[in-house]
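These are the residues of each chain, in order.
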Amino acid sequence: MAAKGTGVTSPRTPLKSILTEKAKGIPNDSAGTVKAQTIEELHSLQRKRSAPNTPLQGTAGAFANLSEDERQRQQLQSISASLASLTRGTGPKVIRGDPGGGKYQAVSHVAHHHHIEAPVISVSDSSLKFTHVLYNLSPGELYEQALKYEKGSFLTSTGALATLSGAKTGRSPRDKRVVIDDTTQDELWWGKGSPNIEMDEHTFLVNRERAVDYLNSLDKVFVNDQFLNWDPKNRIKVRIVSCRAYHSLFMHNMCIRPTPEELENFGTPDFTIYNAGQFPCNRYTHYMTSSTSIDINLNRKEMVILGTQYAGEMKKGLFSLMHYLMPKRHILSLHSGCNMGKDGDVALFFGLSGTGKTTLSTDHNRFLIGDDEHCWSDDCVSNIEGGCYAKCIDLSKEKEPDIWNAIKFGTVLENVVFDEHTREVDYTDKSVTENTRAAYPIEFIPNAKIPCFGPHPKNVILLACDAFGVLPPVSKLSLAQTMYHFISGYTALVAGTVDGIKEPKATFSACFGAAFLMLHPTTYAAMLAEKMQKHGATGWLVNTGWCGGSYGSGNRIKLPYTRKIINAIHSGSLLKATYEKTEVFGLEIPNEIEGVPKEILRPENAWADKEAYKNMLLKLAGLFKNNFETFTEYKIGEDKKLTEEILAAGPIF
């Protein structure tokens with residue numbers, strides 16, 4: 001340092017050398033130095049590469065006996081073909097991995113070969129860029145992607161990933177379209193009461209092009225290759241192309257996850273979803289009624305999503321697909337819960353929202369096969385999905401301990417509200433939506449049966465929350481009555497307040513899931529009748545609603561009583577009871593069930609006002625009759641005998 005004012009430099013005093021541990025002869029790092037020369041190399045060492053190492057059985061698989069590089073090249077080629085633009089016959093090159101460095105393998109673009117008349121432009125900017133493919137990422141990798149890149153993604157106190165689905169917090173059934181062609185025109189259920197709204201092939205291709213263009217404009221897309229149906233003979237391969245880590249994790253949980261060796265042999269998917277939900281459809285396109293469109297093309301085996309980020313559209317779109325594909329194989333697709341006793345007795349649970357389907361099918365003394373979607377084949381009953389999609393509103397550890405404990409690392413929480421500091425979720429908060437949801441792998445349920453299939457069902461339980469208070473807590477059904485109530489799909493909701501009085505409102509949903517049916521309800525009913533008859537299953541109607549009066553005057557049937565009833569069905573003891581028939585609906589009700597008050601078994605006995613009971617009974621019977629008029633013109637079987645039996649099984653005035 002220069003002395004002030006002199007301009008002469010002072011001599012520097014040498015610093016005393018510091019004696020390090022190494023200089024004393026003690027090694028500084030007993031493990032030695034890392035091999036990496038750069039921070040990027042260090043990060044690459046942090047992530048150990050995993051690859052399938054289980055030997056393949058035989059050479060039948062699409063990628064069997066291939067080198068890792070060749071297998072990956074064929075995977076990318078298959079994904080590239082999925083992302084092809086139909087009008088231009090091209091698109092971006094696809095590359096494996098996350099953008100931001102590293103050596104990745106690219107593949108030349110391979111287009112689908114479909115006979116459509118469209119202009120072909122040989123060069124476009126999109127053909128100059130790469131789209132990075134994030135292929136079948138693990139939950140940990142998807143967490144990282146969501147937390148880093150997707151606004152509204154947070155880690156909750158239990159380790160679940162909280163996400164937002166955007167403006168849409170539920171399904172958009174009025175925006176769902178199905179392509180009508182020479183085949184589907186005759187096969188599918190169209191018209192009054194049907195969920196299927198038609199669109200033509202050209203409009204589908206316009207929307208598909210819009211979705212693919214949007215996906216191709218992104219730096220990266222997520223691709224899931226997974227399965228539907230635990231029955232190995234009838235497994236369906238699906239590919240989901242999406243732009244959000246949230247969607248990829250959701251489908252990772254909800255579909256069946258392939259093993260590494262199954263992924264090696266995956267090959268070409270049977271069905272592909274293009275989820276470009278962040279981008280709207282063009283509202284001026286023919287058949288569009290909003291900026292949202294969910295389109296299914298059964299001939300092309302494709303589904304396109306535009307204008308909604310609600311993940312449930314993918315789940316239910318695939319369920320609709322199964323409602324079309326499975327009956328073609330003489331397999332019955334069912335919107336039901338399913339569990340199995342320790343002795344192998346299987347029960348199916350049907351019920352609309354609020355009937356207790358999830359609560360009653362989840363039983364610590366029984367194995368859970370699945371909570372929502374199933375197939376009944378000639379060999380077994382099997383879960384379609386690999387996960388559960390549970391409602392979270394008012395969730396508590398006391399009422400739903402299994403669901404509560406399943407909300408941990410790997411679970412997707414949709415649209416929930418949580419404490420900013422502690423990240424504890426408030427399940428009572430409806431600020432975003434009442435339809436808060438949790439999606440988790442079925443293995444998160446302790447008593448889940450893996451693999452998720454079992455023997456033929458012994459009991460078919462139809463649940464109804466009857467707010468009119470006139471249906472018995474339990475009734476044994478004849479085969480025709482089971483078909484009648486299955487096609488009706490009844491429950492009752494509590495309407496809004498009018499002049500201070502809350503009145504029940506009847507709701508009917510064919511086969512307890514009309515929104516997802518592809519064929520006419522009588523088709524599924526006839527198959528159910530055939531399978532129940534062949535395998536000796538018994539039908540039951542269980543009312544989880546009111547007794548002793550309608551909503552507002554009576555009381556809801558206590559859950560412990562309903563559980564006693566369900567247990568008596570499972571054990572077979574209810575089959576041995578003595579029965580008597582009710583008027584109007586003609587239902588057979590047991591005279592006695594252990595642990596259930598006798599006075600509530602026959603509804604009129606619980607009503608103080610007998611005249612009011614009779615009026616309410618006739619009112620509900622009339623609603624059933626009016627609803628069923630939609631189905632009276634359809635013939636079931638070669639003759640119309642079963643149709644006539646089903647009609648006769650309804651209420652008689």
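Residues numbered from 1 in each chain as written. Predicted model: local features only at pLDDT ≥ 70, side-chain atom pairs only at ≥ 80, totals over all residues. Heavy atoms only, no water.

A. Just the sheet that holds strand β18 (residues 381-383), in detail. Read from one edge of the open sheet, 4 strands run β13-β17-β18-β24, paired in antiparallel fashion. Bordering the open sheet on either side are β13 (332-335) and β24 (453-454), each of which pairs with just one other strand. Of the strand pairs in this sheet, strand β17 (residues 373-376) and β18 are connected by 3 bridges, and their pairing is antiparallel. Looking across to β18, one finds that histidine 374 is bridged to asparagine 383. Strands in contact with helix α8 (residues 312-328) are β13 and β17; relative to β13, the strand with the most contacts, it is inclined by about 150°. (Pairing = 2+ DSSP bridges. Helix = DSSP H or I, 4+ residues; strand = E, 2+ residues; numbered from the N terminus. Contact = heavy atoms within 4.5 Å. Axes fitted to C-alpha atoms, helices over the stretch in contact; angles between N-to-C directions.)

B. Highlighting the packing of aromatic side chains. For the structure on display, the rule yields 19 aromatic pairs. Judged by centre distance (5.7 Å) and plane angle (45°), the ring pair of phenylalanine 319 and phenylalanine 516 falls under tilted. Of this pair, phenylalanine 319 sits in helix α8 while phenylalanine 516 is found in the loop between β28 (501-508) and α12 (521-535), placing the two residues 197 residues apart along the sequence. Using a relative accessible area of 6% as the deciding quantity, one classes phenylalanine 516 as buried. (Phe/Tyr/Trp six-rings, centres within 6.5 Å; stacked < 30°, edge-to-face > 60°. Buried < 20%, exposed > 50% of the residue type's maximum accessible area, 1.4 Å probe, protein only.)

C. Representation of the pairing of strand β11 (residues 293-297) within the structure. For β11, a buried count of 5 out of 5 residues is recorded, marking the element as mostly surrounded by other parts of the structure. Alternating positions in β11 separate into two faces, Ser293, Asp295 and Asn297 on one and Ile294 and Ile296 on the other, with burial throughout. Two strands pair when backbone bridges link them, and strand β6 (residues 176-179) and β11 are joined in this way by 3 bridges, in the parallel orientation. Note that in β11 the partner of lysine 176 across the bridge is isoleucine 294. Across 5 bridges, β11 lies against strand β12 (residues 302-306) in antiparallel orientation. Directly across from isoleucine 296, in β12, lies its bridge partner methionine 303. Hairpin connection, β11 to β12: the antiparallel pair is bridged by 4 residues, and lysine 301 has positive phi, about 60°.

D. Examining the packing of helix α6 (residues 245-254) against α8 more closely. Two elements in contact, α6 and α8, have axes whose closest approach is 10 Å; the angle formed by their N-to-C orientations is 40°. By the angle between their directions, the pair α6 and α8 is classed as oblique. Here the hand of the crossing between α6 and α8 comes out right-handed. In this structure, α6 contributes His247, Phe250, Met251 and Met254 to the contact, and α8 contributes Gly312, Met314, Lys315 and Leu318. (Parallel < 35°, antiparallel > 145°, perpendicular 65-115°, else oblique. Left-handed = near helix turned anticlockwise from the far one by under 90°.)

E. View of unusual backbone geometry. A cis amide bond, omega -5°, links isoleucine 450 with the succeeding residue proline 451. Positionally, proline 451 belongs in the loop between β23 (437-441) and β24. In this structure, asparagine 229 is a non-glycine residue whose phi angle is positive, near 85°. Following the sequence through the fold, asparagine 229 ends up in the loop between β8 (220-228) and β9 (236-242). Notably, cysteine 511 is not glycine yet its phi reads approximately 60°, a positive angle. Of note, cysteine 511 is situated in the loop between β28 and α12.

F. Seen up close, the pairing of β6. Alternating residues of β6 divide into Lys176 and Val178 and Arg177 and Val179, and every residue in both groups is buried. Direction of pairing for β6 relative to strand β7 (residues 198-199): parallel, over a ladder of 2 bridges. Paired with valine 179 across the bridge in β7 is methionine 199.

G. Seen up close, the sheet that holds strand β19 (residues 387-391). Overall, mixed pairing links the 5 strands, which are arranged β4-β5-β20-β23-β19 in an open sheet. Only two strands of the sheet have a single partner each, and these edge strands are β4 (154-155) and β19. Bridge count between β4 and strand β5 (residues 161-163): 2 bridges; the pairing is antiparallel. Paired with leucine 155 across the bridge in β5 is leucine 161. Packing against the sheet, α6 makes contact with β5, β19, β20 (412-414) and β23, and its axis sits at approximately 115° to β20.

H. Broad picture of the environment of histidine 364. Of note, histidine 364 is situated in the loop between α9 (357-361) and β16 (367-370). Sequence separation between histidine 364 and proline 446 is 82 residues; the distance between their C-alpha atoms is 8.7 Å. Excluding residues within four positions of it along the chain, histidine 364 makes contact with Pro401, Asp402 and Asn447.

I. Local environment of the nonpolar core. One finds Leu318, Leu413, Tyr440 and Phe585 to be the most contacted residues of the largest nonpolar core, which totals 127 residues. In this view, phenylalanine 585 contacts Leu471, Gln481, His485, Leu617, Leu620, Ala621, Phe624, Ala649 and Pro651; residues no more than four positions away in its chain are not counted. Met199, Val221, Cys243 and Leu263 belong to the second largest nonpolar core, which has 27 residues in total. (Core = buried A, V, L, I, M, F, W, Y, C linked by side-chain atoms within 4.5 Å.)

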